[in-house]
Amino acid sequence: MNPLLTRLQPYPFERLRQLFAGVTPHPDHRPISLGIGEPKHPTPAFLKDRLCEAVQSTDGGLATYPATGGTPELKQACATWMQRRYGLALDPATQILPVNGSREALFALAQVVVDPRAFAQGVEPVVVCPNPFYQIYEGAAYLAGAQPWFAPSDPARNFAVDWASVPAEVWQRTQLLYTCSPGNPTGAVMPLDEWAMLFELSDKYGFVIASDECYSEIYFRDEAPLGGLEAAAKLGRRDFKNLIALTSLSKRSNVPGLRSGFVAGDAALLKAFLLYRTYHGSAMSTTVQTASAAAWLDEQHVVDNRAQYRAKFAEVTPILAEVMNVALPDAGFYLWAEVPERFGGQAGGSDTDFARALLAQYNVTVLPGSYLAREAQGHNPGAQRVRMALVAETAECVEAAHRIAAFVRTP
């Protein structure tokens, strides 16, 4: 058995099940979950129709093995979207690669990038990631044989990651850096000056940047979030050296079950990634590719989806802001709320005590922030926070907000 598997920590939702063991929710309240970031808005009808048409087609469908590199039609659709969204002219043949959702690609990329020769030289490779973070980054680092290093987010800067806090000796051993903008769970968007700093560090130390952008289409400002490749182009880095952006249809188009996304950027990296995936056996079904192309080419359903989130957050955020320290994020569909001090804890409110008591008294599930972070440099930056995923319909989220407000006001 691979001994590196012993390094993996339980997933946040497994820890949540353990936390709630023995809790009996109040029977007067129907259950509402704000715990899992799984989109609940309806899947656009045209996507379901296109998927069904692809299954019934006689020119491919389920009767052929899919190409690992993706169909020309899907890759061109992805390139068209990148041009429309970011103003980038990418080569579909060399700079775009379809993947089975950004999650599996985030994991697999570390297996491609981390160089095992470092071990022979007595150096343990490092993968740097934000803290709090998406747990796939950590697992990918461990199973590639690297050590994760967690860069903390700064509440004073709207939870922007403090990349400057990473020591030079860590950067010297870094082979891969995960960024997440808009961030999960904080919703923070990286500005151009932060990208410039990371590109400079990448050039100096030679590490790859994996830009996780799966929340890029749910935002609340007039200006869309800056993407990693877009930032590179603005800074004159049009070869996208050592940069890969990863995106997905799951949140954008409300199709998490489709497991469809793509990666784009450095052609040399994508060539190596395609080689790995050819052996990994992770080709996307041709029927899924057909539906995915239709999704990337249509923007109206994305505009409508974003409008739903904006209206929902406009109703929910003020209710919670009356009783908790919480504000509208830059983007994404999470609220990152501070737990009031009266809920125990040594340095503020206990996120786990809060989540457990809220479920018991009002049958609302939220995710403790400490489960989304690691203690690093003597501090867990997720502690005393809870993540609320506003993924359900507006009425259900508003009801949950009113219950949480009542809970916080209860002596």
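Described below are features of the structure shown in this document. (Residues numbered from 1 in each chain as written. Predicted model: local features only at pLDDT ≥ 70, side-chain atom pairs only at ≥ 80, totals over all residues. Heavy atoms only, no water.)

## Some points on the overall build of the protein chain
Here is step 1: Looking only at helices and strands, one finds 15 helices and 13 strands in the protein chain.
Here is step 2: Here the C-alpha atoms of the protein chain give a radius of gyration of 21 Å, agreeing with the 22 Å that 2.2 N^0.38 yields for 411 residues.
Here is step 3: For the protein chain, the spread of C-alpha atoms along the principal axes amounts to about 60 × 55 × 45 Å.
Here is step 4: Here the protein chain holds 411 residues, and the buried ones make up 58% of them. (Helix = DSSP H or I, 4+ residues; strand = E, 2+ residues; numbered from the N terminus. Rg over C-alpha atoms; globule rule 2.2 N^0.38 Å. Buried < 20%, exposed > 50% of the residue type's maximum accessible area, 1.4 Å probe, protein only.)

## A look at the pattern of salt bridges
Here is step 1: What the rule picks out here adds up to 20 salt bridges.
Here is step 2: Between arginine 50 and glutamate 53 there is a salt bridge; the shortest N-O distance is 3.3 Å. Note that arginine 50 and glutamate 53 are positioned in helix α2 (residues 45-56) at a spacing of three residues, about one turn of the helix.
Here is step 3: The shortest N-O distance in the salt bridge between glutamate 169 and arginine 173 comes to 3.8 Å. Remark: arginine 173 and glutamate 169 occur in helix α7 (residues 168-173); sequence separation between them is four residues, near one turn of the helix.
Here is step 4: For glutamate 169, a relative accessible area of 45% translates into the label partly exposed.
Here is step 5: Taking relative accessible area as the criterion, arginine 173 reaches 26% and is therefore assigned partly exposed. (Salt bridge = Lys/Arg side-chain N within 4 Å of Asp/Glu carboxyl O.)

## Observations regarding the sheet that holds strand β6 (residues 174-180)
The strands that make up a sheet are held in pairs by hydrogen bonds between backbone atoms, and each pair lies either parallel or antiparallel.
Here is step 1: Read across the sheet, eight strands follow the order β2-β9-β8-β7-β6-β3-β4-β5 without closing on themselves; strand pairing throughout is mixed. Each edge of the open sheet carries a strand with a single partner, namely β2 (96-99) and β5 (160-161).
Here is step 2: Relative to strand β9 (residues 261-265), strand β8 (residues 243-248) runs antiparallel, the two being bridged by five bridges. What sits directly across from isoleucine 244, in β9, is glycine 265.
Here is step 3: Strands in contact with helix α4 (residues 101-113) are β2, β6, β7 (208-212), β8 and β9; relative to β8, the strand with the most contacts, it is inclined by about 160 degrees. (Pairing = 2+ DSSP bridges. Contact = heavy atoms within 4.5 Å. Axes fitted to C-alpha atoms, helices over the stretch in contact; angles between N-to-C directions.)

## With respect to the nonpolar core
Here is step 1: Membership of the largest hydrophobic core comes to 51 residues, with the highest contact counts inside it found for Leu34, Met324, Phe354, Val366, Met388 and Ile404.
Here is step 2: Listing elements by their share of this core, those giving two or more residues are α1 (12-19), α13 (300-321), β10 (334-338), α14 (351-362), β13 (385-389) and α15 (394-409).
Here is step 3: Residue contributions to this core peak at eight residues, all from α15.
Here is step 4: Residue contacts for isoleucine 404: discarding those within four places in its chain leaves Leu34, Leu320, Met324, Phe354, Leu358, Val364, Val366 and Met388. (Core = buried A, V, L, I, M, F, W, Y, C linked by side-chain atoms within 4.5 Å.)

## Thoughts on helix α3 (residues 72-86)
Each turn of an α-helix holds 3.6 residues, which means side chains three or four residues apart point in the same direction.
Here is step 1: Taking 1.5 Å per residue, 15 residues should reach 21 Å; α3 reaches 21 Å between its end C-alpha atoms and fits that length.
Here is step 2: Within the sequence span of α3, burial applies to Leu74, Lys75, Ala77, Cys78, Ala79, Trp81, Met82, Arg85 and Tyr86.
Here is step 3: Contact partners of the buried residues in α3: β2, α9 (228-234), β8, α10 (249-252), β9 and α12 (286-297). (Expected span 1.5 Å × (residues − 1).)

## What to know about the side chain of glutamine 289
Here is step 1: Among the structural elements, glutamine 289 can be located in helix α12.
Here is step 2: The exposure class of glutamine 289 is buried, given its relative accessible area of 1%.
Here is step 3: Non-local contacts of glutamine 289, meaning those with residues more than four positions away in its chain, are made with Pro66, Ala67, Gly70, Thr71, Leu74 and Met284.

## Quick word on the environment of histidine 26
Here is step 1: Within the element layout of this structure, histidine 26 appears in the loop between α1 and β1 (32-33).
Here is step 2: For histidine 26, a relative accessible area of 31% puts it in the partly exposed group.
Here is step 3: Counting along the chain gives 333 residues from histidine 26 to leucine 359, while the straight-line C-alpha distance between them is 7.8 Å.
Here is step 4: Sequence-distant contacts of histidine 26, that is, excluding residues within four places in its chain, are made with Leu359, Ala360, Gln361 and Asn363.
Here is step 5: From its side chain, histidine 26 meets the backbone nitrogen of aspartate 28 in a polar contact 3.1 Å long. (Polar contact = N/O pair within 3.5 Å; in protein donor to acceptor, adjacent residues only side chain to side chain.)

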